[in-house]
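# Descriptive structure summary
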Amino acid sequence: MKTLKLLLGLMISVSIAAPMRAAGEEIAFQQGLAISGVVTRGRAAIREDLVLDRLASGSWKIPAVSDALSSDELGEHEWSTIEPNDDGVYTGRAMRGGYVFFRVESDEEQVMLLESAGHSMVYVNGEPRYGDPYQWGFCKTPVLLKRGENQFLFQCSRGRLTAKLIDPPAPAFINTGDATLPDWRVGESQNPLASILIENASTRTLDNLFIRAKVENGGQTLSQIPSLGPLEQRKAAFVLPARPDGEPGAYAVSLELIQDDDAGMRSLHQAEIRVQLRAQDESYRRTFRSDIDGSVQYYAVQPAHPVPGKPARSLFLSLHGASVEAINQANAYAPKRWGTLVAATNRRPYGFDWEDWGRLDALEVLQHAKDEFNPDPSRVYLTGHSMGGHGTWQLGATFPGRWAAIGPSAGWISFWSYADAKDFENPSPLEAMMRRSSSPSDTLGLIENYQYEAVYILHGGADDVVPPSEAREMFERLGAFHPEVLYHEQPGVGHWWDDSDEPGASCVDWRPMFDLFAQRRIPANEEIRDVTFVTMNPEVSSDCFWLRVEAQTSQLQPSRAAVSYNPHGRRFSGVTDNVERISFSLDSIAAGEPLSVTLDGTELASIAWPSGEGRLRLERKGDAWRVIKRADEGVKGPLRYGPFKNAFNHDMVFVYGTRGTEEENAWAYAKARYDAESFAYRGNGSIDVIADAGFDPDTYAGRGVILYGHAEMNSAWKTLLNDSPVQVHRGAVSIGDKRFEGEDKLALFLRPRRDDDCASVGVVAGTGMAGMRALDGLPYFVSGVGFPDCMVASASYLSEGYGGVLSAGFFGNDWSIEEGDFAFQQ
């Protein structure tokens, strides 16, 4: 049997010895130390964190009661004792923007599972592990306890914390608490994809792993899954057997984790899940493999109930609110006779607020639904509630021409109007550069784009979650120019309401909204003569009907084009602002005769009909436009534009360095694993985490790559970044001819992957351990938080805020610094 001691985090000699326990007995955390107010609140890229500041600088010491931390912005705060209540829950001010510290003593080195909830992350003996801020309860993180004292430092944000240590059921096991499952359907015979959380509760890498799935009274499948690094946890995709014979209902599926080693196929762990068989007229879940990271995602379907002989050709995309599962969103609607409703997941119930990877999920689901249900392309509609109402505003403005009408219900406008996003009064050039990186989130900046879709706004008059002022402001702004905007505010009702005897919840399945939808369609390109379009980033959104903005003059500033086409004169004419490359689709124009263009005063006559893909392309040089056949190879464009967060796409792989010092190498693996855990939790992700020695460009062709570590410690650096104008070395980082020295510097940047047209290389690097540790404080997986193409900072940002940022900026359209826009600390 093992003996553990829970030690109060005080400098005085006090210990609380745990009793001898039988195998499998849990160890609950008891008294600890807590400190509040030491982390900047709000949605911002740069946040002060006085505890992480000590960890990064190496000045961290075990705190004592009344020890204080302070900064000019956050003030002074002291550590104090904290104990759980009778239910084992820690509450108090430190649970919102603070830390809780415990010491645990073990009489031997051992792996245990940290079962905890309510925290954003935890340092276990200095290694970062992601938490369970939304308190879903499935997080059982494998952690290594060393012999002697072990330190646990929890960062908390949502008001409560629970934590205990338990024995793992096996050295590698299936965690059924986090499964992504499809539904079988009566009459269908395919083998659908599923995924389940697999955990490696050992300190060695596990290879040649398989999942065997067997359905009761049915078939079985065997699926190989990726290798698992030490203490790694990962959602693993597997194939389910075909549906069983029988009536609709839940069926047991046994899962077995198997390793094929020298002794043959060896069972490591077994578990059971239940999968639903749905009737043809019931709502159901459909799974697919995402192009973002190769993970398995699902969307929910409320199938149409069409009139016999009249196919349902409309498609409704519905976006759920915070904490809502997509299947429950679909079930809030009654089946429609004239269309199919699909509900995307946002990658998780909280996900990304339908921005960043949540926006990409919505687009992936939309495409899968179009492929499966073959709707009339002119009858596609968008709606959503609460956070999904915000998503409706965002996707409606970002992708004009894709929706015949939109219907936001109880939606908020933007992170700045509702979600406490950081904005600046009289920003410095550096602060302005950081703010620009979040410009795609600026809903109001895109408001002109709504003119191509009818808008029905719905809100409860007594909504105390999202105030009706959000809806009223949008109605007032749209009313200034929009010919088809309706607003209904239901008196006396709150955030979620249903006052109808008909199926479906009134606050989402609102009959007047769907009546408007039924009357609207998307016009065809040949029916559109005038296009006005605004985009903040061509990689996010480039197209509006036949017009495409391909590149900007000033990166991530609003780009606007207002262009008309005269079919009789075969002439395009208009004006642009902040546009460097533009193109026009010619699909709806008769081929052969020459074209002409008048753009921003430039007259281009008798343009020969372009050969190739059917687009007329133009590029601005100075004050004049010219016709080009295609953009130069490798330049920024709709397929790849930045900024930094956009590197996390295209089936990305995380590559950690192993050529550095022992401490650097340990950091690189721990950070890559932590980022993979973060994206898995927030975005239901599944990311390959590999050592630099295992990276081969051909093996990982076409995939985004994230490098962890500087040039001396990551051997993939030379392959991918040898020609980069930004270089990070041990002791210094350089941006062109600017050089920042010291071991406390850190950098985030992306570069194009030169052997691919779409994928990027993202870099997470520090010049020394202080800079590397400080990277933990940068929230690049938080929606609406932007980072430019390149940012260099000192670890001092943890106590100085934006004063610690040394440089931020955007590469030019040729990916150079010289043609780009950079600001430097004065």
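Everything quoted here is computed from the prediction, not taken from an experiment. (Residues numbered from 1 in each chain as written. Predicted model: local features only at pLDDT ≥ 70, side-chain atom pairs only at ≥ 80, totals over all residues. Heavy atoms only, no water.)

### Some details on the overall build of the protein chain
Spelled out, the test is: Helix and strand assignments follow DSSP, with helices taken as H or I runs no shorter than four residues and strands as E runs no shorter than two, numbered in order from the N terminus. Atoms counted for the radius of gyration: C-alpha only. Globule rule: 2.2 Å times the number of residues to the power 0.38. Accessible area is worked out with a 1.4 Å probe on protein chains only. A residue is then buried under 20% of its type maximum, exposed over 50%, and partly exposed in between.
Helix and strand content of the protein chain: 11 helices and 52 strands. Taken over the C-alpha trace, the protein chain has a radius of gyration of 28 Å; the compact-globule value for 826 residues is 28 Å, and the two agree within 12%. Viewed in the frame of its principal axes, the protein chain has a C-alpha envelope of about 90 × 70 × 60 Å. For the protein chain, buried positions account for 61% of its 826 residues.

### Structural notes on the packing of aromatic side chains
Basically, it comes down to this: Here a pair means two rings of Phe, Tyr or Trp (six-membered ring of Trp) with centres within 6.5 Å. Their orientation is stacked below 30 degrees between planes, edge-to-face above 60, and tilted elsewhere. Comment: the charge-over-ring label is applied if NZ (Lys) or CZ (Arg) is within 6 Å of the ring centre and within 35 degrees of the ring normal.
Evaluated as defined, the whole model comprises 56 aromatic pairs. Aromatic pair Trp546 and Phe584: ring centres 6.0 Å apart, planes at 70°, arrangement edge-to-face. Of this pair, Trp546 sits in the loop between strand 33 (543-544) and strand 34 (547-551) while Phe584 is found in strand 37 (residues 581-585), placing the two residues 38 residues apart along the sequence. For Lys336, the ring lying beneath its charged end belongs to Phe514, and the centroid distance is 4.6 Å. Just above the ring of Tyr641 sits the side chain of Lys636; from NZ or CZ to the centre is 5.2 Å.

### Points about the sheet that holds strand 23 (residues 264-278)
Applicable threshold: We treat two strands as partners when DSSP finds at least two bridges between them.
Spatial ordering of the open sheet is given by 17-23-22-19-20, a layout of 5 strands whose pairing is mixed. In this open sheet, the two strands that pair with only one neighbour each are strand 17 (184-185) and strand 20 (220-225). Taken together, the 13 bridges between strand 22 (residues 249-261) and strand 23 define a ladder with antiparallel strand orientation. Looking at the pairing, Tyr251 lines up with Val275 of strand 23.

### With respect to the pairing of strand 5 (residues 68-71)
Regular strands place their side chains on alternate faces of the sheet. The two faces of strand 5 differ: Leu69 and Ser71 on one face are buried, but Ala68 and Ser70 on the other face are not. With 4 bridges connecting them, strand 5 and strand 6 (residues 75-78) associate as antiparallel partners. Across the sheet, Ala68 pairs through a bridge with Glu78, a residue of strand 6.

### Digging into the sheet that holds strand 40 (residues 615-621)
Spatially, 33-34-37-40-41 is the arrangement adopted by the 5 strands of the open sheet, whose pairing is antiparallel. Strands with a single pairing partner mark the edges of an open sheet, and in this sheet they are strand 33 and strand 41 (624-628). Examined bridge by bridge, strand 40 and strand 41 share 5 bridges and lie antiparallel to one another. Across the sheet, residue Arg617 finds its bridge partner in strand 41, namely Ile628.

### A closer look at the environment of His368
Definition in use: What makes two residues a contact is simply this: any of their non-hydrogen atoms within 4.5 Å.
Within the element layout of this structure, His368 appears in helix 3 (residues 357-373). Dropping the residues within four chain positions of it, His368 is found in contact with Phe288 and Tyr299.

### Describing the environment of Tyr123
Note the following rule: In the analysis that follows, any N or O atom pair within 3.5 Å is treated as a polar contact, provided that within protein one partner can donate a hydrogen and the other can accept it, and provided that, for residues neighboring in sequence, both atoms belong to side chains.
Examined against the element boundaries, Tyr123 turns out to sit in strand 11 (residues 119-124). Classification of Tyr123 as buried rests on a relative accessible area of 6%. Not counting residues up to four positions away in its chain, the partners in contact with Tyr123 are Leu52, Leu55, Pro128, Gln151, Phe152, Leu153 and Asp776. Side-chain polar atoms of Tyr123 contact the side chain of Asp776, separated by 2.8 Å.

### Things to note about unusual backbone geometry
Look at the link from Gly642 to Pro643: it is a cis peptide, with omega at 5°. Summarising the element assignment, Pro643 is placed in the loop between strand 41 and strand 42 (653-656).

### Some points on helix 6 (residues 469-479)
For clarity, the cut-off: Picture the helix axis, draw a direction to every C-beta atom, and the arc is the one those directions span.
Among the residues of helix 6, Glu470, Ala471, Met474 and Leu478 are the ones counted as buried. In a view along the axis of helix 6, the buried residues occupy a sector of 95°, so they form one face of it. In this fold, the buried residues of helix 6 make contact with helix 4 (387-398), strand 30 (454-460) and strand 31 (485-490).

### With respect to the environment of Leu69
Here Leu69 shows up in strand 5. For the pair formed by Leu69 and Arg54, sequence separation is 15 residues and the distance between their alpha carbons is 9.5 Å. Non-local contacts of Leu69, meaning those with residues more than four positions away in its chain, are made with Ile35, Val38, Leu50, Val51, Arg54, Gly75, Glu76, His77 and Trp79.

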